[in-house]
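# Summary of the model geometry
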Amino acid sequence: MSAVVEHVACTFCGCVCDDIVVECEGSEIIKARRACAVGRGVLTGRDSVVRRPTVRGREVEWQEAVGEAASILEQADSPLIYGLSSTSIEAQRRAVELADWLGAVIDTTSSVCHGPTGLAMQAVGEATCTLGEVRDRADLIVFWGCNPADSHPRHFGRFSLSPKGALTPNGRKDRTVVVVDVRPTRTSKAADRFFQVNVGTDYEVLSVLRSLVKGRDVQVDTVGGVSVSELRDLADRMKESRYGVAFMGMGLTMSRGRHLNVGELFSLVAELNEYTRFSVIPMRGHGNVAGADQVLTWQSGYPFAVSFARGYPQFGPGEFSAVDMLSRREVDAALVVASDPAAHFPHAAAEHLGRIPTIVLDPAPSVTASCARVVFPTAYYGIDAPGTAYRMDNVPIPLQGIFASGRPTDEQILDQIIEAVK
Amino acid sequence: MGALLTLITGRTREQAIGMHKGKGSSEYRRATSLVQMNPDDMERLEIEDGSLVQLRTEAGQVELVVEVGSLPPGLVFVPMGPSANVLVAVETEGTGMPSFKGIEVELVPTMSGNVGS
């Protein structure tokens, strides 16, 4: 039986494009109109076969797998719950509940993504807006240390570069686009101005830019490989803009200075509001990584790297973050939900997952699942099951369940594990 | 002793598309097993497009295929994936975030030469 379903949300990246039209044949998606190349791959490449869970590679009944998972977690002295960026907020809530009950550490992919952004937010606050405001109002767009042309392919078309908005009726012609990066990228090729900074100098460049915005004298001619006179032009352009928005990415969070780089940008944006309206939006990678931050903050007060070991939540980046705990071998069991740390962590941290009993909830095969003790092939959120995901601007997007696939959701499996350990 | 350069890792569209075909797919392997270099650096070090080089950091070493990239001199780029993970150390400086960008790396041409030949 064929069907066409409109307003489907793609959960690949933080854009959560909810205007996708899918054509289905039986339980397969054969076309995903309006989706980018990556989103098309996610939607049409989904494995529609309902698979049974496995324990030590052997297929078992769901209840047996739940019992084994509960047994592993109950026996562990220092369990880690990790991932959560590619599942619904409903499942994320259950994961926090389970961590609380077990006295576990819970961390999300934020810690290797925009964790430093979270630290900067706590330090200096965040002047922000929605992507709808960007589309309708922004006449100056700055991309700092990010490359949405590769990582968020529809960001330009839906929000930041070419869409015609209420106060930007001519689309691209009404916007000035500035890119700051250490190398030319597909994004910089689309910009009006490109500032190529030296690796590891973002903090210095941002500090000088803050001084120039405030009209202070700067005693150097260049900073980070960029001429101060060019930065002075940028500072003036920022102050003269009607509505400016900075998007920032891993170029700031993953390089020397990390949260200090981000804090400097957030401070600059806050200070620009003395002259005009200016906002900043982190370019969130996974479809619901923003939701993971939201849910963990609602439930514990902190966005990632939270330990419930003492019976109350403690925040500890560097101490309770997954890379640190795994590399120090401080974890003796792991529950990984909707992520693949074995494929994305530094090797010395990932290899510890092979030494400890690991439980994986994931609709798709993964490197982590291939070495896990218990694997639950759960529903694809937003395709096999409804739910909610938070877009990169923290706007909640409702997700449809297109198929009644018969796969249990992450939320349902986590509920059953909670019941089993209580 | 090879050439001392600075390594950044990051996403690419090809790596993302390959990832969703499966991390065991040839597309993903190809997209994550390369190092992009500045063309002047390649000429200076007598490295040809498509040849194999070894990258060494304090965390580990891998062999990768060289590709000409739009990079400033002294900088090399490896897409996120299994090879990049070997080169990234676990130190997070109290933030939870390893240094995926700005890593000191030694680049050594390998004896196996051009993989396309």
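Residues numbered from 1 in each chain as written. Chains lettered and ligands numbered in written order. Predicted model: local features only at pLDDT ≥ 70, side-chain atom pairs only at ≥ 80, totals over all residues.

On to the overall build of chain A, then. A count of helical and extended segments in chain A gives 18 helices and 21 strands. The C-alpha radius of gyration computed for chain A amounts to 22 Å, which stays within 12% of the reference 22 Å derived for 422 residues, consistent with globular compactness. Each principal axis of the C-alpha distribution contributes one length, and for chain A these read about 70 × 50 × 30 Å. Taking all 422 residues of chain A together, the buried fraction comes to 57%. In chain A, the proportion of contacts linking residues at least 24 apart, taken out of those at least 6 apart, comes to 66%. (Helix = DSSP H or I, 4+ residues; strand = E, 2+ residues; numbered from the N terminus. Rg over C-alpha atoms; globule rule 2.2 N^0.38 Å. Buried ≥ 20, exposed ≤ 12 C-beta atoms within 10 Å, placed from the backbone. Contact = placed C-beta atoms within 7 Å.)

On domain assignment, one finds that chain A holds domain 1 (51–112 + 287–380 + 406–421) and domain 2 (115–282). Look at where the C-alpha atoms of domain 1 of chain A and domain 2 of chain A centre, and you get two points 35 Å apart. (Domains from an automatic or database assignment.)

Glancing now at the sheet that holds strand β9 (residues 176–181) of chain A. All names here are of chain A. Strands sit in the order β10-β9-β8-β13-β14 across an open sheet of five strands; the sheet is parallel. Here the strands that pair on one side only, and so sit at the sheet edges, are β10 (193–196) and β14 (277–282). Neighbour to neighbour, the strand axes of the sheet diverge by 15° on average, direction disregarded. Note: β9 against β10, four bridges, orientation parallel. Following the sheet pairing, Val-180 is matched in β10 by Phe-195. (Pairing = 2+ DSSP bridges. Axes fitted to C-alpha atoms, helices over the stretch in contact; angles between N-to-C directions.)

Taken together, the contacts link 44 residues of chain A with 36 residues of chain B. Going through the elements one at a time, α1 (37–44), α4 (115–124), α6 (148–151), α11 (250–253), α14 (322–327), α15 (341–344) and α16 (347–350) of chain A are the ones with two or more residues in the side of chain A that touches chain B.

A word on unusual backbone geometry. All names here are of chain A. For Arg-258, which is not glycine, the phi dihedral falls at a positive 40°. Following the sequence through the fold, Arg-258 ends up in the loop between α11 and α12 (259–272). One non-glycine residue with positive phi stands out, namely Asn-394, at about 65°. Following the sequence through the fold, Asn-394 ends up in the loop between β20 (387–390) and β21 (396–399). Looking at Asn-394, the number of C-beta atoms within 10 Å reads 17, which means it is partly exposed.

What follows concerns the packing of helix α9 (residues 202–213) of chain A against helix α10 (residues 228–240) of chain A. Residue and element names in this part refer to chain A. Taken N-terminus to C-terminus, the directions of α9 and α10 make an angle of 60°; their axes are 9 Å apart at the nearest point. In terms of orientation, α9 lies oblique with respect to α10. Helix-helix and strand crossings are classified by hand; for α9 and α10 the assignment is right-handed. Within the contact between the two elements, α9 uses Val-208, Leu-209, Leu-212 and Val-213 and α10 uses Val-228, Leu-231, Arg-232, Leu-234, Ala-235, Met-238 and Lys-239. Here the contact of α9 with α10 is built from residues that sort into nine nonpolar, no polar and two charged. (Parallel < 35°, antiparallel > 145°, perpendicular 65-115°, else oblique. Left-handed = near helix turned anticlockwise from the far one by under 90°. Nonpolar A, V, L, I, M, F, W, Y, C, P; charged D, E, K, R; others polar.)

What follows covers helix α18 (residues 410–421) of chain A. Residues and elements named next belong to chain A. Here α18 contains twelve residues, and its C-alpha end-to-end distance of 16 Å stays within 8% of the 16 Å for a straight helix at 1.5 Å per residue. If you check which residues of α18 are buried, you get Asp-410, Glu-411, Ile-413, Leu-414, Gln-416 and Ile-417. If you follow the buried residues of α18, they end up packed against α2 (62–75), α3 (89–102), β17 (333–337), β18 (358–361) and β19 (374–376). (Expected span 1.5 Å × (residues − 1).)

In globular proteins that are soluble, nonpolar side chains generally tend to be buried together. In terms of nonpolar packing, the biggest core is built from 172 residues, with A:Ala95, A:Leu209, A:Met248, A:Leu265, B:Val35 and B:Val76 touching the most fellow members. Two domains each provide a minimum of three residues to this core, namely domain 1 (51–112 + 287–380 + 406–421) and domain 2 (115–282) of chain A. With near-sequence residues (within four places) excluded, B:Val35 lies in contact with B:Val53, B:Leu55, B:Leu64, B:Val66, B:Val76, B:Phe77 and B:Val78. (Core = buried A, V, L, I, M, F, W, Y, C linked by C-beta atoms within 7 Å.)

Turning our attention to the sheet that holds strand β7 (residues 105–108) of chain A. The strands making up a sheet associate through hydrogen bonds between their backbones, and the pairing can be parallel or antiparallel. Residues and elements named next belong to chain A. In space, the nine strands of this open sheet follow the order β5-β4-β19-β18-β17-β6-β7-β15-β16, with mixed pairing throughout. Single-partner strands in this sheet number two, and they are β5 (58–59) and β16 (314–315). Contacts from α2 reach β4 (54–55), β6 (79–83), β17, β18 and β19, with the element oriented near 130° to β19.

In the predicted model, chain B carries a mean pLDDT of 91, and the fraction of residues at 70 or more is 95%. The complex prediction reports pTM at 0.95, with the ipTM value standing at 0.91. (pLDDT = per-residue confidence, 0-100.)

Turning next to the environment of A:Arg183. In this fold, A:Arg183 is placed in the loop between β9 and α8 (186–189). A residue is classified by how many C-beta atoms lie within 10 Å of it, and A:Arg183, with 20 of them, is buried. Note: C-alpha distance between A:Arg183 and A:Ile418 (235 residues apart in sequence) is 48 Å. Ignoring anything within four residues of it in the chain, the contact list for A:Arg183 reads B:Ser70, B:Leu71, B:Pro72, B:Leu75 and B:Phe77.

Here we take up the pairing of strand β13 (residues 243–248) of chain A. All names here are of chain A. With respect to burial, β13 is a largely interior element, five of its six residues being buried. Here strand β8 (residues 140–144) runs beside β13; their pairing, made up of five bridges, is parallel. Looking at the pairing, Trp-144 lines up with Met-248 of β13.

All names here are of chain A. It is at 8 Å that the axes of α4 and α12 come closest, and there the two elements cross at 45°. With respect to α12, the axis of α4 lies oblique. α12 is crossed by α4, and the crossing has right-handed handedness. Counting all contacts with α4, which are made through Pro-116, Thr-117, Leu-119, Ala-120, Ala-123 and Val-124, the residues of α12 involved are His-259, Val-262, Gly-263, Phe-266, Ser-267 and Ala-270. In terms of residue class, the contact of α4 with α12 is made up of eight nonpolar, four polar and no charged.

The next thing to look at is the environment of B:Thr9. Residues and elements named next belong to chain B. For Thr-9, the location among the structural elements is in strand β1 (residues 3–10). Given 24 C-beta atoms within a 10 Å radius, Thr-9 is considered buried. Along the sequence, Thr-9 and Glu-27 sit 18 residues apart, while their C-alpha atoms lie 18 Å from each other. Residue contacts for Thr-9: discarding those within four places in its chain leaves Val-78, Met-80, Ala-84, Val-88, Phe-100 and Lys-101.

Turning next to α10(A). Residues and elements named next belong to chain A. Given a rise of 1.5 Å per residue, 13 residues ought to cover 18 Å, and the 18 Å separating the end C-alpha atoms of α10 matches this to within 8%. For α10, the complete set of buried residues consists of Leu-231, Leu-234, Ala-235 and Met-238. Seen from one end, α10 has its buried residues packed into an arc of 100°, which puts them on one side. In α10, the exposed positions that point more than 90 degrees away from the buried face belong to Ser-229, Glu-230 and Asp-236. (Arc of directions from axis to C-beta.)

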